[in-house]
Amino acid sequence: MHLLLLVLLVISSTKMLGQKNMKTTSESMPMLSFNYGFYTPGGDLKNRFGNNSAIGSLFQYKTKSNFVFGAEGTFFFGRNVKENHVLDQLASPDGEVFDKSSQPSAIIFFERGFTLSASVGKIFPVFGPNPNSGILLRVGGGFMQHKIRIEHQNNRIPQLENDYIKGYDRLTNGPMLNQFVGYMLMSNNKFANFYLGVEAIEGFTKSRRGYNYDTRMPDTANRLDLMYGVKAGICILFYKRTSTEYYIR
């Protein structure tokens, strides 16, 4: 329902936005974007996970001088879990983990995580169709969290139920920094608005579980979790027509 309302607002605002001359004027405006990224891990993160994908949403405000201020939330995920030995002590000599009925259970490992961040950046209109487009540099900071998601579908394994699973999931979080370098396009006809570039993320994290059941000891080490990748997003622009009204494009 909310998506349908957003589409209707975009369609209904087409005629209202014709007065803006994007070709010659740098405009101030809020922007909402939806993005996708593909990342390769580094640092301590590469010992736990492989490549991952990320989807997110970024709200930014662009000034007439092309500074951009934003707040972003991103969810990242993957199926390449390298640290998949956490259940070895529960497995039989053949590597099977059995449920309450003494039936072998299919165990699946996933990477799950998210970031929350605020950022500041600037668009340099060195080339592009108008002064609102160009090279985009952005830096930010915030919070990173990740863990191993362990699924055992259609089975009941007492050692992995309720709070017991927390002893194996490696929940980790802490502060983070991120940097983005790319290109932002805001077309003259206001229909094609997007950005594309590369991003680096540095997480200064620690384990948040008091005790790991498989190692039989707490994990107190400081971690440096790195992610490098390509990121692209499409933008919805909110143009200001009067001092009190905004329209979507």
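First things first, this report covers the structure right here in the doc. Treat the numbers as computed from the prediction; the structure is a model and nothing was measured.

Moving on: the overall build of the protein. A tally of helices and strands in the protein yields 1 helix and 11 strands. Helices (α) and strands (β) of the protein occur, in sequence order from the N terminus, as α-β-β-β-β-β-β-β-β-β-β-β. The 249 residues of the protein split such that 46% are buried. Sequence separation of at least 24 residues holds for 72% of the intrachain contacts in the protein that already meet a minimum separation of 6. With an accessible surface of roughly 12900 Å², the protein has 61% of that area assigned to carbon and sulfur atoms.

Okay, the side chain of Asp214 next. Checked against the element boundaries, Asp214 lands in the loop between strand 9 (193-207) and strand 10 (222-240). In this structure the side chain of Asp214 is engaged in a polar contact, spanning 2.8 Å, whose partner is the side chain of Arg170. Residues in contact with Asp214, not counting those within four places in the same chain, are His85, Val86, Gln89, Gly167, Tyr168 and Arg170.

Moving on, we come to the packing of aromatic side chains. The relative placement of two aromatic rings is captured by the distance of their centres and the angle of their planes. In this structure the tally under the stated criterion is 6 aromatic pairs. Taking 5.5 Å as the distance between ring centres and 20° as the angle between the ring planes, the aromatic pair formed by Phe75 and Phe77 counts as stacked. Classification of Phe75 as partly exposed rests on a relative accessible area of 35%. Residue Phe77 is classed as partly exposed on the basis of its relative accessible area of 28%. One aromatic cluster is present, formed by Tyr168, Tyr211 and Tyr213 through successive ring pairs. Taking the ring centre of Phe124 as reference, the NZ or CZ of Lys122 above it sits at 5.8 Å.

So, on to a nonpolar patch on the surface. On the surface, Phe34, Phe124, Val126, Phe127, Leu137, Val181, Phe194, Leu196, Val198, Val230 and Ile234 cluster together to form a nonpolar patch covering roughly 990 Å² of accessible area. Every element with two or more residues in the nonpolar patch is listed here: strand 9 and strand 10. Looking at the nonpolar patch, the element that brings in the most residues is strand 9, giving 3 residues. Position of Leu196 relative to the elements: it lies in strand 9. By relative accessible area, which is 46% here, Leu196 ends up partly exposed.

Right, let's get into the pattern of salt bridges. In a structure, side chains of opposite charge can pair up when their charged atoms sit close to one another. Under the counting rule described, the total for this entry stands at 9 salt bridges. Put simply, Arg48 and Glu83 hold a salt bridge, and the shortest N to O gap is 2.8 Å. Placement of the pair is Arg48 in the loop between strand 1 (29-43) and strand 2 (52-62) and Glu83 in the loop between strand 3 (67-78) and strand 4 (97-98), with a sequence separation of 35 residues. In terms of burial, Arg48 and Glu83 fall into one category: buried. For Arg149, the salt bridge goes to Glu151, with nearest N and O atoms at 2.7 Å. Residues joined by salt bridges that share partners form a network here, namely Arg48, Glu83, Arg170 and Asp214.

Thresholds applied
Residues numbered from 1 in each chain as written. Predicted model: local features only at pLDDT ≥ 70, side-chain atom pairs only at ≥ 80, totals over all residues. Heavy atoms only, no water. Helix = DSSP H or I, 4+ residues; strand = E, 2+ residues; numbered from the N terminus. Buried < 20%, exposed > 50% of the residue type's maximum accessible area, 1.4 Å probe, protein only. Contact = heavy atoms within 4.5 Å. Areas by Shrake-Rupley, 256 points an atom, 1.4 Å probe, with all protein chains shown as cover. Polar contact = N/O pair within 3.5 Å; in protein donor to acceptor, adjacent residues only side chain to side chain. Phe/Tyr/Trp six-rings, centres within 6.5 Å; stacked < 30°, edge-to-face > 60°. Lys NZ or Arg CZ within 6 Å of the ring centre and 35° of its normal. Patch = residues over 30% accessible without salt bridge, like charges linked within 9 Å, V, L, I, M, F, W, Y side chains within 5 Å. Salt bridge = Lys/Arg side-chain N within 4 Å of Asp/Glu carboxyl O.

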